[in-house]
Amino acid sequence: MDEDVTIKTQAACRRTAKVRQFMAAFLVSLLGCCSGMSVAWVAPMQPLLMSEHPPVGTEPMSEDIIAWLASVNYLGNAGIWFWGLATDRVGRKAAACFCSISYIVCYVVTLFARDYVWLIVARLSSGVGIGGISLAVPLFIAEMAQDDLRGFFGSFGVIFFNVGVVYTYVAGTCLSYRAFTICCLIIPIIFVISFVWMPETPIFLWKNGEIEKAEQSLLWYRGGDSAETTRTLESYKLFPKERNKSMKSLKSLVSTKGNTKASIIGLILMTAFPLSGYLTISTFAVSIFDACGSSISSYQSAITMATVQMISAFFCSFASDRFGRKGLLLASLLTIALFLAILGAFLVLSVKDNLNFISRLTPILCLSICMAAFAAGLGPVAYIIMSEIFTPDTRGCAMSVLSLYMCIVAFTMNKSFPSMKELFRLEGCFFFYSFCCCIFALFFYFYLPETKGLPQSEILQLLNEENITIASSAKETEKLNKCSEL
């Protein structure tokens, strides 16, 4: 009888733990929705701002100003060092709450904007928030979630990012400028009100020497299972306990063989993010579909593409822990490369041939598949991997540096897109993105280890090429997960 009661109690604790972790991951991922809204904002607003009677200012805005609005938000990530300090000093939870303030400022300024300068200031403010989100959200989820659910919850950020993109395309198409801005303002306000009640991550508390608080936090996230809490705390002893008063130096990113390898992987992941074409296509979706000559309206094409992308993001939430990070990443990059090449070839041929209505569906089909592949693979997997491969004491510094680097590349790509389009034509841009994806796929095939189902302590040992039996450890983890489900 006592054993039956114990088994039932443990099963109840596991269910409670999953519910609590799901709730925490869901709420913090609302910030991902804010990021998606920021990236996609230009797409539905570009035709309005370039019209004869724009909602901001008295004259139509030029394509160059639109390019600044599309890219200047990434310059806001110059404050990424602040977020690195914030996540390591005040915690992942507090940093996430601070991120929402930048979005509230952004949309208040946008609501009362008088000319494009106001909009640039607003976009810079949203960029500051994007920098914080790229750090706080994956760190919070990785340190809060149990090993077998880390990939599932880690994909929430990209799922909500895609929800934000769809939300922006639909609301921006159907509502007036000011009504649309108010709808955007509501999301960060809801986040602050709901998320402030969540506990801080146990790993952050542990490495800052707050052992009792770490135990309380872990006990809450593990559904009150004291045995599981004790086992997890034992694994934390592999991590150093430090009262971090400042971020680790850049030297710490190459201080060991494992850190060096993790830094190289992270650098290439953050290069692949903008050079896959995803951010540029999402930002200029409406004008791109206009140029491609889709058989349905450019607004409808953008909404369709974003909806397919959002649905695909749900696939990754189940697939990352089932099929592995590496396989999803490679499949995603190769799929993007293939269909961008097909679209480039279509644009070359469409100059010479008079294509029919069915053929004109090619742009929306190809771009929808590309965006779906990104949402199901590269988008979420990149951040899942980065949250797993760095040690807790270097994670904040590493993700600060890599996020700043990614935003510099993203700014360059978005700002130069009108010039690239004029110089190489649209098909040339698509061929360039396709080629880049192929190169990245080759790199990850030979250099990236599989981290599926492994505790973070073993992942760090794997990167350092220490003598551990990874395969057997992974199998044991899977067996334990199956037993717990039964």
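Residues numbered from 1 in each chain as written. Predicted model: local features only at pLDDT ≥ 70, side-chain atom pairs only at ≥ 80, totals over all residues. Heavy atoms only, no water.

1. Remarks on the confidence of the model for the protein
(1) Moving on: Here the protein averages 81 in pLDDT, while 87% of its residues score no lower than 70.
(2) Moving on: Summarising per-element confidence for the protein, the mean pLDDT is lowest in helix H23 (residues 470-485) (44) and highest in helix H10 (residues 177-195) (93). (pLDDT = per-residue confidence, 0-100. Helix = DSSP H or I, 4+ residues; strand = E, 2+ residues; numbered from the N terminus.)

2. Considerations on the packing of helix H3 (residues 42-49) against helix H16 (residues 285-292)
(1) Moving on: Where H3 meets H16, the closest approach of the two axes is 6 Å, and the angle between their N-to-C directions is 70°. Viewed along their axes, H3 and H16 adopt a mutual orientation that is roughly perpendicular. When H3 is examined against H16, the residues Ala43, Pro44, Gln46 and Pro47 are found in contact with a partner set consisting of Ala285, Val286 and Ser287.
(2) Moving on: Taken together, the residues of the contact of H3 with H16 sort by class into five nonpolar, two polar and no charged. (Axes fitted to C-alpha atoms, helices over the stretch in contact; angles between N-to-C directions. Parallel < 35°, antiparallel > 145°, perpendicular 65-115°, else oblique. Contact = heavy atoms within 4.5 Å. Nonpolar A, V, L, I, M, F, W, Y, C, P; charged D, E, K, R; others polar.)

3. Description of the side chain of lysine 93
(1) Moving on: Mapped onto the elements, lysine 93 comes out in helix H6 (residues 92-111).
(2) Moving on: Beyond its immediate sequence surroundings of up to four residues, lysine 93 is in contact with Phe140, Phe195, Val196, Trp197, Met198, Pro199 and Glu200.

4. Let's talk about helix H9 (residues 156-174)
(1) Moving on: Taking 1.5 Å of rise per residue, the 19 residues of H9 would be expected to cover 27 Å, and the 27 Å separating its terminal C-alpha atoms lies within 8% of that figure.
(2) Moving on: Across the 19 residues that make up H9, a large majority, 14, are buried. (Expected span 1.5 Å × (residues − 1). Buried < 20%, exposed > 50% of the residue type's maximum accessible area, 1.4 Å probe, protein only.)

5. Digging into the packing of helix H2 (residues 30-40) against H9
(1) Moving on: It is at 6 Å that the axes of H2 and H9 come closest, and there the two elements cross at 45°. Put simply, H2 runs oblique to H9. H9 is crossed by H2, and the crossing has right-handed handedness. The segment H2 lies against H9, with Leu30, Gly32, Cys33, Ser35, Gly36, Met37, Val39 and Ala40 engaging Gly157, Phe160, Phe161, Val163, Gly164, Val165, Tyr167, Thr168 and Tyr169.
(2) Moving on: In terms of residue class, the contact of H2 with H9 is built from 11 nonpolar, six polar and no charged. (Left-handed = near helix turned anticlockwise from the far one by under 90°.)

6. Some thoughts on helix H20 (residues 378-389)
(1) Moving on: For H20, which comprises 12 residues, the first-to-last C-alpha distance of 16 Å matches the rise-based estimate of 16 Å (1.5 Å per residue) to within 8%.
(2) Moving on: By the criterion of burial, H20 is predominantly enclosed, with 12 of the 12 residues buried.
(3) Moving on: Among all positions in H20, only Leu378, Gly379, Pro380, Val381, Ala382, Tyr383, Ile384, Ile385, Met386, Ser387, Glu388 and Ile389 are buried.

7. Thoughts on the pattern of salt bridges
(1) Moving on: This structure, assessed with the given rule, holds six salt bridges.
(2) Moving on: Here glutamate 210 and lysine 213 are joined by a salt bridge, their closest N and O atoms 3.4 Å apart.
(3) Moving on: A residue is classified by how much of its surface remains accessible, and glutamate 210, at 26% relative accessible area, is partly exposed. (Salt bridge = Lys/Arg side-chain N within 4 Å of Asp/Glu carboxyl O.)

8. Concerning the packing of aromatic side chains
(1) Moving on: Taken as a whole, this structure holds 16 aromatic pairs when the rule is applied.
(2) Moving on: Taking 6.2 Å as the distance between ring centres and 25° as the angle between the ring planes, the aromatic pair formed by phenylalanine 22 and phenylalanine 26 counts as stacked. Of the two residues, phenylalanine 22 and phenylalanine 26 both sit in helix H1 (residues 2-28), four residues apart, roughly one turn of that helix.
(3) Moving on: Accessibility expressed as a relative area gives 39% for phenylalanine 22, which makes it partly exposed. (Phe/Tyr/Trp six-rings, centres within 6.5 Å; stacked < 30°, edge-to-face > 60°.)

9. With respect to a nonpolar patch on the surface
(1) Moving on: Together, Val108, Phe112, Tyr116, Val117, Trp118 and Val121 give the surface a local cluster of nonpolar side chains, amounting to about 530 Å² of exposed area.
(2) Moving on: The biggest single contributor to the nonpolar patch is helix H7 (residues 116-144), with four residues.
(3) Moving on: Here valine 117 lies in helix H7. (Patch = residues over 30% accessible without salt bridge, like charges linked within 9 Å, V, L, I, M, F, W, Y side chains within 5 Å. Areas by Shrake-Rupley, 256 points an atom, 1.4 Å probe, with all protein chains shown as cover.)

10. Considerations on the state of the cysteines
(1) Moving on: Inspection of the entire model under this criterion finds zero disulfides.
(2) Moving on: Cysteine 366 supplies the cysteine sulfur nearest to cysteine 292, a cysteine that is in no disulfide, at a spacing of 9.2 Å. (Disulfide = S-S within 2.5 Å.)

11. Brief notes about unusual backbone geometry
(1) Moving on: Even without glycine at this site, arginine 425 takes up a positive phi of about 70°.
(2) Moving on: Assignment of secondary structure puts arginine 425 in helix H21 (residues 392-447).
(3) Moving on: Using a relative accessible area of 47% as the deciding quantity, one classes arginine 425 as partly exposed.

12. Concerning the environment of threonine 181
(1) Moving on: Its location among the elements puts threonine 181 in helix H10.
(2) Moving on: Along the primary structure threonine 181 and threonine 110 are separated by 71 residues, whereas in three dimensions their C-alpha atoms are 7.1 Å apart.
(3) Moving on: When sequence neighbours within four positions are dropped, the list of residues in contact with threonine 181 reads Tyr107, Thr110 and Leu111.

13. Details of the environment of glycine 157
(1) Moving on: Of note, glycine 157 is situated in helix H9.
(2) Moving on: Measuring from C-alpha to C-alpha, the distance between glycine 157 and glycine 32 comes to 5.0 Å, with 125 residues separating the pair along the chain.
(3) Moving on: In contact with glycine 157, not counting residues within four places along its chain, are Ser29 and Gly32.

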